[in-house]
Every structure is written in structure tokens, then in C-alpha cells.
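Chain and residue survey
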Amino acid sequence: MQFVDEASIIVEAGNGGNGCLSFRREKYVPKGGPDGGDGGHGGSVYLIGDDALNTLIDFRYQRFYKAQNGQPGMGRQMSGRAGEDLHIKVPVGTTVIDEETLEVIADVTEIGQVVLVAQGGRRGLGNIHFKSSTNRAPRRTTPGTAGERRNLRLEMKVMADVGLLGMPNAGKSTLIRAVSAAKPKVANYPFTTLVPNLGVVKLGMHEHFVMADVPGLIEGASEGAGLGLRFLKHLTRTRLLFHVVDVAPFDESDPVEVAEAIIHELGEFSPALAELPRWLVLNKLDLLPAEEREAKADEIVRRLGWEGPVFRISAISADGTDALVQAAHRWLTEQRQLENEDEEAAERAREMRQRMEEEAVARTEARLGRRRKKVDEDDDFDDDDYDVEVEYAP
């Protein structure tokens, strides 16, 4: 199934039914009086979190969703039937944004969570409501109101415990293949990973955690270069980051400079995300002579000024990966236990997640705003705008 994490849809609630203008007409009942019933309320549109979904691809094929209109009122004081509400299933981890105002309407983070996104129209009143001692035959009714119509942007963020961070071709996909059943594409060229991949790392019968592999970052990712800006948002759902560094890059680049560039881009995208616990994972040590491995790893750690946990692995041969996932599982277990027992720790974690979410949304709003401004400024549209020039650089 194709992975789609962004989609735009239109939702429209049902209109309320009009009130009825009617008078009682029965044999032997003169001047029966008003008996017009009320209309029915229009149906509302709701989103509901579903853990069976992991992509927004369905919304690429169906973009318009409308709830049922309420029926108009009828004579004999009969009210019209209310329109049925429309429930739309979305993946857990979906953020709902109003495209007109760029307001975040809701964040669907739990299974079965229900979010109202378009309110149904109110019913109209029949003429029975307007009779009085001075107006025995009212001819007044009220119409039903229109249902809300909204243009929504859905953005899905994968729900994972551990996120893999690093440059293209650092070995993130190889690592997730080595420790889980996930089978992302692996090749000896950059950007083989174009969409996030999730893998369940199992350590026992009931012990496991979820790892997310996102496309590699490049310099300028926080400003939209490469695929980074679009997929960095997925890391805001994680608790722990593995910063995977290629110690023997094929282009002979400096691993320290590359790692520092990643740290910079992370901070530019979201300062809160940069504060998330991050472990340094030095990968591809098997490509170095055995006598040089320790010295190279120590040099990278020293030049980075790294003070956190450091793991030395070779993902392709799974050397060192078991110690890495075991340590991650212990850390995650201790973190959850701490949050369950210490309310202050739980509050700090919630605040951190809230900050990351707000900063990711701000980036999205800025991107949408730039896109909208660019469209508005393109007033000299003509047929030449469809032309595409491709320039090949050596």
C-alpha cells in the first residue's frame, strides 16, 4: 500500500430541515389550528481514530464528504427526521488543520477518539410554535440553517517509540531491517528511503517497541530542502532518537561535520525536538580496519563533544544491534514507569510533546503560507507555465 501522510479534503455538514406551515384539517373539526412540525437537524461530520489505518491514501481518491440533510417538518405536528452523522476514519496520529485559517482543529492521538469537524445545521421551527392568544393562525415558520463546510488538511505522523535520524545512506534502513521484520528498500545510493517505515522490535513474548525510519536529512532540510521538512514532523511522536552516523562515508565526507549539520537542522526545525533524548549510533564500523575502529569512534565522540550514550554497531552484520535495542527497551520501560509514578515527570513529558507539536504545526503553517503567497503572486499565468526546463549539472 502506498504511504501518504498528507491530504486535503472538503467536509460539509447537512443542512437543517425547514419548519412546516400547516393547519389541521379534519372532518367535523372546524378551525383546527396550526400543526406544522419542526424540521430535522442536519447531520454533523466527525473524524474517528482507527488503528487499522496507517496511511491517508484513501483521501487522495475521495476528497468530498457530506453528511445527510435533515428532512423538513410535516403536518400533524410531525417533525422531520434528523440527518445521519458522518463518521470518517483516520489513522491515529492525524493532525487536522483548517486550510482557510491554518488553525489546528484537533490532534487524533488515541484509538476511538472522536473529533467534530463540521457542525450540522439547526432545524427550522414549524408554525405550531408561533400560535398565541392574539395570533390563532400563524403563518410564520423558520428555515433550517446551513451546515458547516470546511476545507481541511490532514497530516499524519507515525506513532513510534524510537526514531532514526541521520543523513541519506547512513544505514538507517539497514538498521531497522536488522532489528525488526520491516523490509524497507536498501541500496548503495542516497535517498533509497522516500517514505517513513515502521518496524516492531520484539525482545520477548510481551516486550517490544516501535521504531520509525524516516527519509534522510540534508543541509537545509529545516527550510524545505530535500524531503526533510515533510518527514521531520514524524519524529515529534517519538520518545527517543537514534542519531545514526556513517563512520566511513563513500563520498569521504567528514562524519563530524555531517553529524553537526543534522543537529543544526533538528534545532532549526524544532528546538523542542532537539531537546529530545538522543543517542549516538556509530554505524558501518566493519568498513574500517579492526585496529582503527576504536580510535575513529573515539575521535568522532571527542570532536562532537558528545556526552550522551554512544553505541558502536555494524547494521548490515547486526553486530552491536542487540545491545542497542536492549538498552532502548530498558530506557523506554523506565521512562514509562517514571511517568506513571511521578506526576511532575509526566507533566514535563506532556509539555515537551506539546511544544514539539506546536513547533511542527508552525512549520507546516509557514510552508502552507509560503505556498499560498506564491500562488497569489503568480498573476501572469499563461500556457508557458506548464513548461519544465531540466538542467543537468555534472
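None of the values given here were measured: they were computed from a predicted structure. (Residues numbered from 1 in each chain as written. Predicted model: local features only at pLDDT ≥ 70, side-chain atom pairs only at ≥ 80, totals over all residues. Heavy atoms only, no water.)

A separate point is the overall build of the chain. From N to C terminus, the chain includes eight helices and 14 strands. Burial analysis of the chain (394 residues in total) assigns 46% to the buried set. Contacts in the chain between residues at least 24 apart in sequence constitute 75% of all its contacts with a sequence separation of at least 6. Of the roughly 21,300 Å² of accessible surface on the chain, 48% is carried by carbon and sulfur atoms. (Helix = DSSP H or I, 4+ residues; strand = E, 2+ residues; numbered from the N terminus. Buried < 20%, exposed > 50% of the residue type's maximum accessible area, 1.4 Å probe, protein only. Contact = heavy atoms within 4.5 Å. Areas by Shrake-Rupley, 256 points an atom, 1.4 Å probe, with all protein chains shown as cover.)

What follows deals with the pattern of salt bridges. Two side chains bearing opposite charge may form a pair once their charged atoms approach each other closely. Under the defined criterion, the tally for this structure stands at 19 salt bridges. For K89, the salt bridge identified is with D50, shortest N-O distance 3.9 Å. With K89 in strand β4 (residues 86-91) and D50 in strand β2 (residues 45-50), this pair connects stretches of sequence that are 39 residues apart. K89 gets classed as exposed once you look at its relative accessible area, which sits at 52%. The buried category is assigned to D50, whose relative accessible area is 14%. For R303, the salt bridge is made with D254, and the minimal N-O distance between the two is 2.7 Å. With a gap of 49 residues between them, R303 in helix α6 (residues 290-304) and D254 in the loop between β12 (240-246) and α4 (255-269) connect regions that are remote in the sequence. Since its relative accessible area comes to 21%, D254 is described here as partly exposed. Through salt bridges with shared partners, a single network forms among E6, E99, R153 and E155. (Salt bridge = Lys/Arg side-chain N within 4 Å of Asp/Glu carboxyl O.)

Residues V162 and L164 point to one face of strand β9 (residues 162-165) and G163 and L165 to the other, with burial holding for every one of them. The pairing of β9 with strand β11 (residues 208-213) spans three bridges and is classified as parallel. Its bridge partner being in β11, L164 is matched across the sheet by D213. Alignment of β9 against β12, held across four bridges, turns out to be parallel. (Pairing = 2+ DSSP bridges.)

This next bit is on the environment of I97. Here I97 lies in strand β5 (residues 94-98). Look at I97 and you get buried, because its relative accessible area is 1%.

What follows covers the side chain of D246. As for its placement among the helices and strands, D246 is situated in strand β12. Take D246: its relative accessible area is 11%, and that puts it in the buried class. Engagement of the side chain of D246 in a polar contact is seen with the backbone nitrogen of A248, the distance being 2.9 Å. Separated by 3.2 Å, the side chains of D246 and K284 make a polar contact. (Polar contact = N/O pair within 3.5 Å; in protein donor to acceptor, adjacent residues only side chain to side chain.)

On to the confidence of the model for the chain. In the predicted model, the chain carries a mean pLDDT of 82, and 82% of its residues have values of at least 70. The element-level mean pLDDT for the chain is lowest in helix α3 (residues 228-232), coming to 60, with strand β3 (residues 64-66) highest at 96. Between residues 187-194, whose pLDDT stays under 50, and residues either more than four places distant or in other chains, the model counts 21 contacts. Within the model, the stretch residues 381-394 combines pLDDT values under 50 with three contacts to residues more than four positions away or in other chains. (pLDDT = per-residue confidence, 0-100.)

Glancing now at the sheet that holds β9. Read from one edge of the open sheet, six strands run β10-β11-β9-β12-β13-β14, paired in mixed fashion. Pairing within the sheet leaves two strands with one partner each, and these edge strands are β10 (197-202) and β14 (310-312). Taking the axes of each pair of neighbouring strands and ignoring which way they run, one obtains an average angle of 25 degrees across the sheet. Examined bridge by bridge, β12 and strand β13 (residues 278-283) share six bridges and lie parallel to one another. Of the residues in β13, the one forming a bridge with H243 is L280. The sheet strands contacting α4 are β9, β12 and β13, and the helix crosses β12 at an angle near 150 degrees. (Axes fitted to C-alpha atoms, helices over the stretch in contact; angles between N-to-C directions.)

Here we take up the packing of aromatic side chains. Under the defined criterion, the tally for this structure stands at three aromatic pairs. Seen in terms of ring centroids, F242 and W279 are 5.8 Å apart; in terms of plane orientation they differ by 20 degrees. Their pairing is stacked. Here the residue F242 occupies a position in strand β12, and W279 occupies one in strand β13, the gap between them amounting to 37 residues. Assessed through its relative accessible area of 7%, W279 is described here as buried. The interplanar angle of 25 degrees and the centroid separation of 5.3 Å between the aromatic rings of W279 and F311 together place this pair among those described as stacked. Of this pair, W279 sits in strand β13 while F311 sits in strand β14, and the two are 32 residues apart along the sequence. Comparing W279 with F311 shows no difference in burial state: the two are buried. (Phe/Tyr/Trp six-rings, centres within 6.5 Å; stacked < 30°, edge-to-face > 60°.)

So, about the environment of G49. By the element assignment, G49 lies in strand β2. In this structure G49 comes out as buried when scored by relative accessible area, which is 6%. Through-space distance from the C-alpha of G49 to that of K89 is 6.0 Å; in sequence the pair is 40 residues apart. Not counting residues up to four positions away in its chain, the partners in contact with G49 are V90, V92, V108, E110, I111, G112 and Q113.

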